[in-house]
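Summary of structural features
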Amino acid sequence: MNNRTFRFRLRSSHRPPERATTDLVVEFLSDSGLWEPQQLSLSMPGFRIYLISLLLCQHFYLVANAREQGIALQEVQADFNVTTSSEWIIASVEGEFRIRLDPAAEPAEQPLASSEVMAFMEERMKLCPISKNLPESVGKTINVKTMA
């Protein structure tokens, strides 16, 4: 029984004052070993669209919760891996999200991105509706860290 692993990476920018997501790029590691930018279309395999939706939902929750916590995001990078059985049943989801804080932000916008705040955001990201609809048997690991 061969497992399949689907690998994605994401980059986004977040400019003041709203810190809304700009310059969002999602890439997929193809069978040829090349990272391919992803543009949703009707010709894209449906399962890949589903996995991209899972990644984007996690990203949306990260950005929303950073805004709620007053964290001045400048950039988000993520590596996102989904492993399935040979029958395409999701076995595990692993997301490594890295955030860069805006060094030019006002002092009031620069609360310490403490381990408690990061843990809070990780837990909140698990509330993404797509994640919540995965069976309990699926291993889910989401980590958020700051970049230097």
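Residues numbered from 1 in each chain as written. Predicted model: local features only at pLDDT ≥ 70, side-chain atom pairs only at ≥ 80, totals over all residues. Heavy atoms only, no water.

Considerations on empty space enclosed by the protein
What the rule picks out here adds up to one cavity of 30 Å³ or more. Of the volumes computed, that of the largest cavity is approximately 50 Å³. Leu-54, Gln-58, Val-93, Lys-126, Ser-131, Leu-134, Lys-140 and Ile-142 are the residues that line the largest cavity. (1 Å grid on protein atoms, 1.4 Å probe; cavity = no way out; pocket = protein on both sides within 12 Å on 5 of 7 lines; lining within 4 Å. Points joined across faces, edges and corners; volume = space filled by probe spheres on them.)

Points about the sheet that holds strand β3 (residues 35-37)
Spatially, the six strands line up as an open sheet ordered β3-β2-β1-β4-β5-β6, and their pairing is mixed. The open sheet has two edge strands with one neighbour each: β3 and β6 (139-146). Strand-to-strand twist across the sheet, computed as the mean angle between neighbouring axes with direction ignored, equals 20°. Pairing between strand β1 (residues 4-15) and strand β2 (residues 20-29): seven bridges, direction antiparallel. Across the sheet, Leu-10 pairs through a bridge with Val-26, a residue of β2. Along the sheet, helix α1 (residues 46-68) makes contact with β1, β2, β4 (73-84), β5 (90-101) and β6, crossing β1 at roughly 35°. Across the face of the sheet, helix α2 (residues 115-125) comes into contact with β5 and β6 while running at roughly 145° to β6. (Pairing = 2+ DSSP bridges. Helix = DSSP H or I, 4+ residues; strand = E, 2+ residues; numbered from the N terminus. Axes fitted to C-alpha atoms, helices over the stretch in contact; angles between N-to-C directions. Contact = heavy atoms within 4.5 Å.)

So, the pairing of β5
With eleven bridges connecting them, β4 and β5 associate as antiparallel partners. When the sheet's bridge partners are listed, Gln-77 is paired in β5 with Arg-98. Counted between consecutive antiparallel strands, the loop separating β4 from β5 contains five residues, among which Trp-88 sits at a positive phi close to 70°. With eight bridges connecting them, β5 and β6 associate as parallel partners. Counted as the bridge partner of Gly-95 is Ile-142 from β6.

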